[in-house]
Amino acid sequence: MEECERRERILDAASEVLQQCGYHAASMDKVAQHSAMSKRTLYQMFHSKQDLFHALINSRLFNVTPDKCHYRENPTDELTELLMNLGRIILRPDRISLIRALITESQESADIRQILTSLRAGGKENVLTSWLDRYARQNHYVVKDIYMYSNMLFGMTIGDLMLQSLACASESSWIEENMYPRFHHAVRIFLVGFQQDCTAGP
C-alpha cells in the first residue's frame, strides 16, 4: 500500500474514532485498530495524537483543494464554480459529522481548541482568499483585509448551508439542488459590493 493510501486510511479511522469516542478517549491504539494498521505505523507517520488530529482537521476542513474552475473569462461563473467545488467537499455528510464532533469536543478539549486556533491563524492561504486576491490584483483594487472578504463570502454561501446541515434543518439532496442558484446569486451581490468597497477607498 502506498504511503498516501495508508495516510488516508489512518485519517479516516481517526475521524471515526473521534466521532464515536470523543477526543479524550481517542487513543492511538483505537485508531490503529480501526485502520487495521500497526501502532508503529501510526507513529511513523504522526508523532503524537495531537499531530494526528491536527492533520485530520487540516486536511478535511482547512486545506481543501477543489477541482479546477473552467469559466475563467467570467468572474461570477468562475467564483460560483469554485464555491460549488468547495461546497461539494465541505458539505459532505462525513465532513458535517466531523464538524459536529469538533464543536462538541472543543468545549471539553484544550488540544482541539489549540488545533483549531492554530489552523485558523494559518488559514489565510486558502483557495477562496487566493482567488479574491488574484481578482483584486487583476482589477487593480487596493484591499486592506482580503481575508475579511473571504470570510464574508464563505459565510454567505457555504457557511449558511453548513449551519443548516449542522442543525439537521436540510437534507443533503436539498442542499445539492439549491447550491448553485444560492451561490450564484450570492456571488453576484458580493462582487458588486466588493468592487464598490475597493473603488470607494482613499
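From a predicted model like this one, the values you see are computed outputs, not experimental measurements.

1. Observations concerning the packing of helix H5 (residues 75-90) against helix H9 (residues 146-166)
Then step 1. Running from N to C, H5 and H9 cross one another at 30°; their axes reach a closest spacing of 11 Å. For H5 against H9, the interelement crossing comes out right-handed. Here Leu79, Leu83, Leu86, Gly87 and Ile90 of H5 lie close against H9, whose contacting residues are Leu153, Phe154, Thr157, Ile158 and Met162.
Then step 2. Along the lines of polarity and charge, the residues of the contact of H5 with H9 split into 8 nonpolar, 2 polar and no charged.

2. Some details on the UniProt feature "DNA-binding region" (unreviewed entry) in the protein
Then step 1. UniProt's feature table lists "DNA-binding region" (unreviewed entry) at residues 27-46, given in the numbering used throughout.
Then step 2. End C-alpha to end C-alpha, residues 27-46 measures 13 Å, and it is 75% helix and 0% strand.

3. Focus on the environment of Ser106
Then step 1. In this fold, Ser106 is placed in helix H6 (residues 93-106).
Then step 2. The buried category is assigned to Ser106, whose relative accessible area is 14%.
Then step 3. For Ser106 and Arg134, which are 28 residues apart along the polypeptide, the C-alpha to C-alpha distance reads 34 Å.

4. Focus: unusual backbone geometry
Excluding glycine, residues mostly have negative phi values, and the peptide bonds linking residues are mostly trans.
Then step 1. Unusually for a residue other than glycine, Ala36 sits at a positive phi of about 60°.
Then step 2. With respect to the element layout, Ala36 can be found in the loop between helix H2 (28-35) and helix H3 (39-45).
Then step 3. With relative accessibility at 65%, the residue Ala36 sits in the exposed group.
Then step 4. Look at His140: it is not a glycine, yet its phi comes out positive at around 60°.
Then step 5. Along the chain, the position of His140 falls in the loop between helix H8 (127-138) and H9.
Then step 6. When its relative accessible area of 70% is taken as the criterion, His140 is described as exposed.

5. Focus on the packing of H5 against H8
Then step 1. Contact pair H5 / H8: the axes reach a minimum separation of 11 Å and the direction vectors enclose 170°. Considering the angle they form, H5 stands roughly antiparallel to H8. The segment H5 lies against H8, with Pro75, Glu78, Leu79, Leu82, Leu83 and Leu86 engaging Val127, Leu128, Trp131, Arg134 and Tyr135.
Then step 2. In the contact of H5 with H8, the residues fall into 9 nonpolar, no polar and 2 charged.

Conventions used here
Residues numbered from 1 in each chain as written. Predicted model: local features only at pLDDT ≥ 70, side-chain atom pairs only at ≥ 80, totals over all residues. Heavy atoms only, no water. Axes fitted to C-alpha atoms, helices over the stretch in contact; angles between N-to-C directions. Helix = DSSP H or I, 4+ residues; strand = E, 2+ residues; numbered from the N terminus. Left-handed = near helix turned anticlockwise from the far one by under 90°. Contact = heavy atoms within 4.5 Å. Nonpolar A, V, L, I, M, F, W, Y, C, P; charged D, E, K, R; others polar. UniProt positions renumbered as here; feature names shortened; annotations may be inferred. Buried < 20%, exposed > 50% of the residue type's maximum accessible area, 1.4 Å probe, protein only. Parallel < 35°, antiparallel > 145°, perpendicular 65-115°, else oblique.

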